[in-house]
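Residues per chain are reported as follows:
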Amino acid sequence: MTENIAAGSPASDAPSPIDGYVGDPAVRAEWDNRYADRQQLWSGRPNGALVAEVAGLAPGRVLDVGCGEGADAVWLARRGWDVTALEVSGVALERAAGHARDAGVAVRWVHATLTDAALPPASFDLVSAQYPALLRTPDAAAERALTAAVAVGGVLLLVHHAGMDTRQPDESGFDPADYVWPSMVTALLGDDWVVEVDEQRARVAPDGGAGAHHTDDLVLRARRLR
């Protein structure tokens, strides 16, 4: 399920990050198709909210949820973080692994859905989920998986596009009721957590890439106390 891509390893010697997928095959196929439609889906630059919120944190262990083509994972690794990057799309993971090799950084890749990944509990100093497409379930499985991964003293950083949660269902099949939004995670945080940031702010939008038209972010940063 996880593969280490060593810095500078030749592509022929490195194990494929897409081996051993764990999760719903339909979810993988949906996202593989989205990535396969373009040579590059995202901008290739780290998300602005991540850069801003991580600036004051000491590097440690980080889980990048929905790592896509790897821009955040590579940026974090370059700054000394021990990065585990999770993604459902094998197409995206192959691109991400290539970017990491080109950058000369090591990343641990997990090819799985968040709820099926069986990540070690309370083991990450930072859990970063930037605009994740996490499916909503009656038992709040995705929300609980996010919070369960955070170590005591660690930070959960969840960023989403403002206004998406209140949109009407459309002909493309998007229905906000199907997905997890920051307010749902906040509702689960009890006395073991302190919310440090919970706000809407102007987005530092990258040039190009899908989603570049969104102008505002919802940013939730919460720290686990015990």
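Residues numbered from 1 in each chain as written. Predicted model: local features only at pLDDT ≥ 70, side-chain atom pairs only at ≥ 80, totals over all residues. Heavy atoms only, no water.

**Some remarks on the overall build of the protein**
Okay, step 1: Scanning the protein from N- to C-terminus turns up six helices and eight strands.
Okay, step 2: Scored against the burial criterion, the 226 residues of the protein give a buried share of 48%.
Okay, step 3: Restricting to contacts in the protein with at least 6 residues of sequence separation, those with at least 24 account for 73%.
Okay, step 4: Summed over all atoms, the accessible surface of the protein reaches about 10400 Å², with 49% contributed by carbon and sulfur. (Helix = DSSP H or I, 4+ residues; strand = E, 2+ residues; numbered from the N terminus. Buried < 20%, exposed > 50% of the residue type's maximum accessible area, 1.4 Å probe, protein only. Contact = heavy atoms within 4.5 Å. Areas by Shrake-Rupley, 256 points an atom, 1.4 Å probe, with all protein chains shown as cover.)

**Remarks on the nonpolar core**
Okay, step 1: One finds V54, L76, W81, V83, V107, W109 and L126 to be the most contacted residues of the largest nonpolar core, which totals 28 residues.
Okay, step 2: Those elements giving two or more residues to this core turn out to be helix 2 (48-54), helix 3 (71-78), strand 3 (82-87), helix 4 (90-103), strand 4 (107-111) and strand 6 (150-161).
Okay, step 3: Here the element with the most residues in this core is helix 3; it accounts for five residues.
Okay, step 4: Grouped together as the second largest cluster of nonpolar side chains are 24 residues, A142, L146, A149 and V150 included. (Core = buried A, V, L, I, M, F, W, Y, C linked by side-chain atoms within 4.5 Å.)

**Remarks on the pattern of salt bridges**
Okay, step 1: Overall, the coordinates contain eleven salt bridges when judged by the stated rule.
Okay, step 2: One salt bridge in this structure joins E53 and R201, with 2.7 Å as the shortest N-O distance. Taken as a pair, E53 in helix 2 and R201 in strand 7 (residues 193-202) lie far apart in primary sequence, 148 residues in all.
Okay, step 3: Using a relative accessible area of 8% as the deciding quantity, one classes E53 as buried. (Salt bridge = Lys/Arg side-chain N within 4 Å of Asp/Glu carboxyl O.)

**A look at the environment of M184**
Okay, step 1: Secondary-structure assignment places M184 in helix 6 (residues 182-188).
Okay, step 2: The exposure class of M184 is buried, given its relative accessible area of 18%.
Okay, step 3: Once the C-alpha coordinates of M184 and R136 are considered, the two residues, 48 residues apart in sequence, prove to be 9.6 Å apart.

**Thoughts on the pairing of strand 4**
Okay, step 1: Summarising burial for strand 4: four of the five residues are buried, a large majority.
Okay, step 2: With four bridges joining them, strand 3 and strand 4 adopt parallel strand pairing. Residue L86 lies in a different strand from strand 4, and its bridge partner there is V110. (Pairing = 2+ DSSP bridges.)

**Section: helix 3**
Okay, step 1: Burial analysis of helix 3 places six of its eight residues in the buried class, which makes it a mostly covered element.
Okay, step 2: Buried within helix 3 are the following residues: D72, A73, V74, W75, L76 and A77.
Okay, step 3: Along its buried surface, helix 3 packs onto helix 2, strand 2 (61-65), strand 3, helix 4, strand 4 and strand 5 (124-130).
Okay, step 4: One or two residues past the end of helix 3 sits G80, with phi positive at roughly 95°.

**Section: the packing of aromatic side chains**
Okay, step 1: Scanning the entire structure with this criterion turns up one aromatic pair.
Okay, step 2: With a centroid separation of 6.4 Å and 45° between ring planes, the pair formed by W31 and Y35 is classed as tilted. One end of the pair, W31, and the other, Y35, are both in helix 1 (residues 25-36), four residues apart, so they sit about a helical turn from each other. Like W31, the residue Y35 is buried in the burial classification.
Okay, step 3: Sitting over the ring of Y21, R28 keeps its end group 5.5 Å from the ring centre.
Okay, step 4: Between the NZ or CZ atom of R34 and the centre of the ring of W31, over which it lies, the distance is 4.2 Å. (Phe/Tyr/Trp six-rings, centres within 6.5 Å; stacked < 30°, edge-to-face > 60°. Lys NZ or Arg CZ within 6 Å of the ring centre and 35° of its normal.)

**Description of the confidence of the model for the protein**
Okay, step 1: Taken residue by residue, the protein gives an average pLDDT of 87. The fraction at 70 or more is 86%.
Okay, step 2: Note that residues 1-14 has pLDDT below 50 and, in this model, 36 contacts with residues that lie over four places away or in other chains. (pLDDT = per-residue confidence, 0-100.)

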